[in-house]
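Inside the fold
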Amino acid sequence: QVQLVEFGGGLVQAGGSLRLSCAASGSIFSINTMGWYRQAPGEERELVATIARGGNTKYADSVKGRFTISRDNAKNTVYLQMNSLKPEDTAVYYCNAEVSTADSPVYLELWGQGTLVTVSS
């Protein structure tokens, strides 16, 4: 069984930094796009950033210039470096990945359990 496990959430003051990581484990054959989404209280889940296997990235306008997504394909891990954090960045952050396994060559979309990021003013 393949799963995504996130690390790195917590409480930080405005202007501070946090680094999130998400590792995929299990019988993985290949991982396509990986990304981070977030959901604030009472809001819809929204895209934060994605990164393709080859390294192409996409960011939400609200985080451009402050957040950096990266991945280590050898470790099946995606990272999100968050700098200059603002109170409006407070949300549960979810890892997302398109994963194929030895049993299923079709890419399946997987989600992590979420990690809470709280930015105090």
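Structure shown above.
Let us look at the structure shown here. (Residues numbered from 1 in each chain as written. Predicted model: local features only at pLDDT ≥ 70, side-chain atom pairs only at ≥ 80, totals over all residues. Heavy atoms only, no water.)

So, on to the state of the cysteines. Every disulfide links exactly two cysteines, by a covalent bond between their sulfur atoms. This model, assessed by the stated rule, comprises one disulfide. A sulfur-sulfur separation of 2.1 Å characterises the disulfide bridge that pairs Cys 22 with Cys 95. Its S-S torsion of about -80 degrees marks the bond between Cys 22 and Cys 95 as left-handed, since a negative value means left-handed. Of this pair, Cys 22 sits in strand E3 (residues 18-25) while Cys 95 sits in strand E9 (residues 91-101), placing them 73 residues apart in sequence. Comparing Cys 22 with Cys 95, the two get one shared label, buried. (Disulfide = S-S within 2.5 Å. Helix = DSSP H or I, 4+ residues; strand = E, 2+ residues; numbered from the N terminus. Buried < 20%, exposed > 50% of the residue type's maximum accessible area, 1.4 Å probe, protein only.)

A separate point is the nonpolar core. Judged by nonpolar contacts, the single largest core of 30 residues is most densely connected at Trp 36, Leu 80, Met 82 and Tyr 93. When residues of this core are traced back to their parent elements, those giving at least two are E3, strand E4 (28-39), strand E5 (46-51), strand E7 (67-72), strand E8 (77-82), E9 and strand E11 (115-120). With five residues, the top contributor of residues to this core is E9. (Core = buried A, V, L, I, M, F, W, Y, C linked by side-chain atoms within 4.5 Å.)

A separate point is the sheet that holds E7. Strands sit in the order E1-E3-E8-E7 across an open sheet of four strands; the sheet is antiparallel. Edge positions in the sheet fall to strand E1 (3-7) and E7, since each of these pairs with one other strand and no more. Direction aside, the axes of adjacent strands within the sheet are offset by 15 degrees on average. Note that E3 and E8 share six bridges and pair antiparallel. Following the sheet pairing, Arg 19 is matched in E8 by Gln 81. (Pairing = 2+ DSSP bridges. Axes fitted to C-alpha atoms, helices over the stretch in contact; angles between N-to-C directions.)

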